[in-house]
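# Geometric and topological summary
Here is how the chains run, residue by residue.
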Amino acid sequence: MEAISIGLLGLGTVGSGVVKIIENHQDKIMHQVGCPVQVKKILVKNVKKEREVEITDDILLTVDANDILDDPEIDVVIEVMGGIEETRNILLKALKNKKQVVTANKDLMAVHGAELLQAASQNNCDLFYEASVAGGIPILRGLVDGLASDRIIKLMGIVNGTTNFILTKMSQQQRPYEDVLLEAQALGFAESDPTSDVEGLDAARKMTILATLGFSMNIGLEDVKVQGITNVTDDDIQYGKQLGYTMKLIGIAQRQEEKVEVSVQPTFIVDSHPLAAVNNEYNAVYVYGEAVGETMFYGPGAGSLPTATAVVSDLVNVLKNMRLGVNGKGAIAPQFKKKLKEPDEMFSKYFLRLQVVDEVGVFAEITSIFSQHGVSFEKILQLPVKEKGLAEIVLVTHHASLLNYENILLELRDLSSVRTVKSSYRVEGGTK
């Protein structure tokens with residue numbers, strides 16, 4: 001049996017995991033695809049660098065991507081090197097050269113996914129990207145295959161392990177954000193520059209991919225409303241706990257009729273909701289389908305072997321398609337034209353924390369503003385603060401439109417009795 005040859009772009013954490021799994025799981029892969037699979041060439045930045053994985057003599061390390069792209073014996077290109085523009089050009093050439101492609105690159109797929117998928121279809125090639133969202137969790141395959149007959153109405157999930165680790169430690173150990181971030185960096189859960197994670201951009205890219213697949217609609221990164229966790233305080237988390245909530249960075253993609261909304265933001269989840277129990281670096285995506293109801297995909301969202309497992313699973317699917325001669329036949333263009341909700345069509349509960357003058361009639365002023373916009377309260381806390389003459393009010397609203405809620409915030413900030421709006425968060429779970 002002739003072996004299938006692989007060209008690997010990148011030999012970092014995930015690339016090393018891919019090499020290990022292909023070597024260690026060779027018997028299982030052969031059983032599924034009917035022939036041996038071997039990594040023939042690997043693109044690296046430095047050929048002489050010491051590796052955490054042993055590279056055998058029959059594997060060529062190269063610093064030139066064309067050594068892989070122009071090799072007629074290489075059947076599949078696996079991309080785990082990251083980057084956007086240069087990587088896009090490399091993968092477009094790979095597809096033009098009739099090579100099947102597997103990528104773990106969420107940044108690339110969020111920005112150029114539609115173009116790359118079209119190029120794959122035009123060249124009768126597969127382009128699979130399961131590992132681009134939630135590491136080892138088979139969420140994309142679950143949406144495309146497992147829930148193919150259902151109509152997805154909502155996707156809600158924890159899709160960034162770094163922020164989930166930080167918020168878990170802040171909640172369980174009552175530590176400040178800056179302190180926990182340093183620990184996350186020391187443990188390798190956060191990069192030296194954590195901006196992409198903590199400002200929500202990483203999660204937004206993943207939600208772009210999930211929403212595009214889940215709703216069969218070309219959602220762009222610019223369509224996602226994004227807010228990070230850098231302003232979340234221990235006081236916010238503790239007040240939320242008193243009211244029965246857990247703080248998570250949540251990605252939400254929701255469809256109503258033909259219109260959708262997609263966002264990433266710190267969110268209070270009702271303690272009884274399964275997502276509230278997803279801790280540390282773990283990821284989970286909660287899927288609402290019209291027919292199936294509610295399902296949850298849970299597991300490690302990052303790491304060498306979990307992510308590499310998703311990459312090699314995609315590879316196995318590519319090889320099965322090669323054996324059947326159906327590469328490039330599975331791509332389906334988005335079914336629906338993109339239509340985004342307006343602020344008056346987006347509804348949620350909200351947590352609001354205010355510092356106010358501690359005088360008679362202040363609360364009546366505040367409730368009057370809410371009632372003028374048709375918004376009522378589900379929960380209320382009023383607490384004294386150290387500064388004399390001030391009090392803190394914590395409110396949780398019933399469902400309100402984003403438009404009404406933003407107008408309420410504007411009016412509250414103009415109210416002389418409101419010293420400051422300390423924080424405001426979306427609330428998910430529980431009854432309407």
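Right above here is the structure, for reference.
In what follows, the accompanying structure is described. (Residues numbered from 1 in each chain as written. Predicted model: local features only at pLDDT ≥ 70, side-chain atom pairs only at ≥ 80, totals over all residues. Heavy atoms only, no water.)

Turning to the sheet that holds strand 2 (residues 37-43), a few remarks are in order. In space, the 6 strands of this open sheet follow the order 3-2-1-4-5-6, with parallel pairing throughout. Unpaired on one side and paired on the other, strand 3 (60-62) and strand 6 (127-128) mark the two borders of the sheet. Where strand 2 meets strand 3, 3 bridges bridge the pair, whose relative direction is parallel. In the sheet register, K41 faces strand 3, and the bridge partner there is L60. (Pairing = 2+ DSSP bridges. Helix = DSSP H or I, 4+ residues; strand = E, 2+ residues; numbered from the N terminus.)

Quick look at the environment of G429 now. As for its placement among the helices and strands, G429 is situated in the segment after strand 17 (418-428). Classification of G429 as buried rests on a relative accessible area of 18%. In this structure, the C-alpha to C-alpha distance between G429 and K349, residues 80 residues apart in sequence, is 9.2 Å. Those residues in contact with G429 that lie beyond four places of it in its chain are V270, H273 and K349. (Buried < 20%, exposed > 50% of the residue type's maximum accessible area, 1.4 Å probe, protein only. Contact = heavy atoms within 4.5 Å.)

As a further point, take the pattern of salt bridges. Inspection of the entire model under this criterion finds 23 salt bridges. A salt bridge links K20 to E52; its shortest N-O distance comes to 3.9 Å. In this pair, K20 is assigned in helix 1 (residues 13-24) and E52 in the loop between strand 2 and strand 3, connecting sequence segments 32 residues apart. K20 sits in the partly exposed class, given a relative accessible area of 27%. Overall, the relative accessible area of 54% leaves E52 in the exposed class. Across the pair R353 and D236 runs a salt bridge whose closest N-O atoms are separated by 2.6 Å. Here the residue R353 occupies a position in strand 13 (residues 347-357), and D236 occupies one in helix 11 (residues 234-242), the gap between them amounting to 117 residues. On the accessibility criterion, D236 (1% relative accessible area) is buried. Through salt bridges with shared partners, a single network forms among K154, E261, K341, R426 and E428. (Salt bridge = Lys/Arg side-chain N within 4 Å of Asp/Glu carboxyl O.)

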